[in-house]
Amino acid sequence: MSTTTTRGAARPAPAAASPGRPRRGPRGSSTLAFWVFTGPFLIGLLVFVYIPIGWSLWLSFFEARFTVTPDKFVGLNNYRQMLENSNFTGALVTFTVFAALIVPLTWAVSLGLALMVNRLRFMRAFFRSVFFLPTACSYVAASLIWKMSLFSGVRFGLMNTVLGWFGIDNIAWLANPDPPWYWLVIVSARLWLQSGFYMILFLAALQNIPPELYEAAAIDGARPGWQTFRHITLPQLRATSTAVILLLLVAAYQAFDEFFNLLSKTTWGRPPLVELYYTALGQAQDYGAGSAGAVILTLLICLVTLLQGRFMGFGRRDEAK
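Note that the structure is a prediction, hence the values are computed from the model and not measured.

**Focus on the packing of helix 5 (residues 139-150) against helix 7 (residues 182-207)**
In a packed pair of helices, the relevant descriptors are the angle between the two axes and the axis-to-axis distance. The N-to-C vectors of helix 5 and helix 7 enclose an angle of 135°; their axes lie 10 Å apart at closest approach. With respect to each other, helix 5 and helix 7 are oriented oblique. Between helix 5 and helix 7 lies a crossing of right-handed hand. Counted together, Y139, A142 and W146 of helix 5 and V185, S188, A189, R190, W192, L193 and Q194 of helix 7 form the full contact between these two elements. The class makeup of the residues in the contact of helix 5 with helix 7 is seven nonpolar, two polar and one charged.

**Describing the environment of L306**
Positionally, L306 belongs in helix 13 (residues 287-312). Here the alpha-carbon distance between L306 and L246, two residues 60 residues apart in the chain, equals 8.9 Å.

**Side note on helix 9 (residues 226-236)**
Of all the residues in helix 9, the buried ones are T228, F229, I232 and T233. Buried residues of helix 9, seen end-on, are gathered within an arc of 120° and therefore sit on one face of the element. Opposite the buried face of helix 9, at more than 90 degrees from it, the exposed residues are W226 and H231.

**A few points about the packing of aromatic side chains**
Within the structure shown, the criterion is met by 19 aromatic pairs. Taking the centre distance of 5.7 Å and the plane angle of 20° together, the rings of F98 and W183 count as stacked. Pair noted here: F98 is in helix 3 (residues 86-119) and W183 is in helix 7, with a separation of 85 residues, a long-range link. Accessibility classification places F98 together with W183 in one group, the buried group. Taking 5.6 Å as the distance between ring centres and 80° as the angle between the ring planes, the aromatic pair formed by W173 and W181 counts as edge-to-face. Among the aromatic side chains, those forming a connected cluster through ring pairs are F95, F98, Y182, W183 and F259.

**So, a nonpolar patch on the surface**
On the surface, I43, L46, V47, F48, V49, Y50, I51 and I53 cluster together into a nonpolar patch covering about 810 Å² of accessible area. Mapped onto the fold, I51 is located in helix 1 (residues 26-59).

**Focus: the nonpolar core**
Of all hydrophobic cores here, the largest spans 53 residues; its most connected members are F98 and F259. For this core, the elements supplying multiple residues, two or more each, are helix 2 (77-83), helix 3, helix 5, helix 7, helix 10 (238-253), helix 11 (257-262) and helix 13. No other element matches helix 7, which puts 13 residues into this core.

About the criteria used
Residues numbered from 1 in each chain as written. Predicted model: local features only at pLDDT ≥ 70, side-chain atom pairs only at ≥ 80, totals over all residues. Heavy atoms only, no water. Axes fitted to C-alpha atoms, helices over the stretch in contact; angles between N-to-C directions. Helix = DSSP H or I, 4+ residues; strand = E, 2+ residues; numbered from the N terminus. Parallel < 35°, antiparallel > 145°, perpendicular 65-115°, else oblique. Left-handed = near helix turned anticlockwise from the far one by under 90°. Contact = heavy atoms within 4.5 Å. Nonpolar A, V, L, I, M, F, W, Y, C, P; charged D, E, K, R; others polar. Buried < 20%, exposed > 50% of the residue type's maximum accessible area, 1.4 Å probe, protein only. Arc of directions from axis to C-beta. Phe/Tyr/Trp six-rings, centres within 6.5 Å; stacked < 30°, edge-to-face > 60°. Patch = residues over 30% accessible without salt bridge, like charges linked within 9 Å, V, L, I, M, F, W, Y side chains within 5 Å. Areas by Shrake-Rupley, 256 points an atom, 1.4 Å probe, with all protein chains shown as cover. Salt bridge = Lys/Arg side-chain N within 4 Å of Asp/Glu carboxyl O. Core = buried A, V, L, I, M, F, W, Y, C linked by side-chain atoms within 4.5 Å.

In short, geometric facts, not functional conclusions.
And the structure:
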């Protein structure tokens, strides 16, 4: 056995590693840990998301009534049937208007709440939790509260009680499409439910803005308030604003719970998902037409999202100055 000498002391040389069993390095351990933790999630994503999406796309080209394993190919007939369905196309137009209402309102309210909470010097965590708390509420529970307590059509409803103090007659908020008072009910419920979540996103973005920008603006003579907000705060929030608007657009077209619970017995004001629900799971159980409608709705969401991202400059490389 060879030895090495250090300061006069003889030490045996380290023995060579045994070639019989390779040692697992840190790279192999991290790879194994990655698949252990992400494997179940990826399997669930494949089974419950990607396979149903592919199956729905396949069903949209077949006549699939009362079965999910059809054999009669009909091409684009299901798409033509859904585009000729006035209820479905009307729902798409209605929800484009709904998105035009709820998206800027939620953006403005959530940004305003974030600005107010960010300026607080005490009890910031308390108010942040208070504004975020409605996000934990169920959409179904909130819809029932709005329908049976706040905007009930009888005189015992809170809103009608307040209007009665000023001598205004009771309003049937959800029973009459003309005037469309039901939009006030639905928009206010959705606004209360989701503003707190997007407030947290804006609050995180506000706290990442370097304070040196505001100090430099003050030295240059910029007045605090609207001038500072317009030229410093708002440009720094462009990426967050784009992400928030994208999420709001997708959520607007996917609205289901509040509409189904508030307007379940009406034929007007139905969202596209409710129309697809009655098409695919109603008396006809036309899975082919329902799948075609789902593909049309998905393409519309993608188109509106891409147009909005193009308008907001999402993904555009900043030009070097």
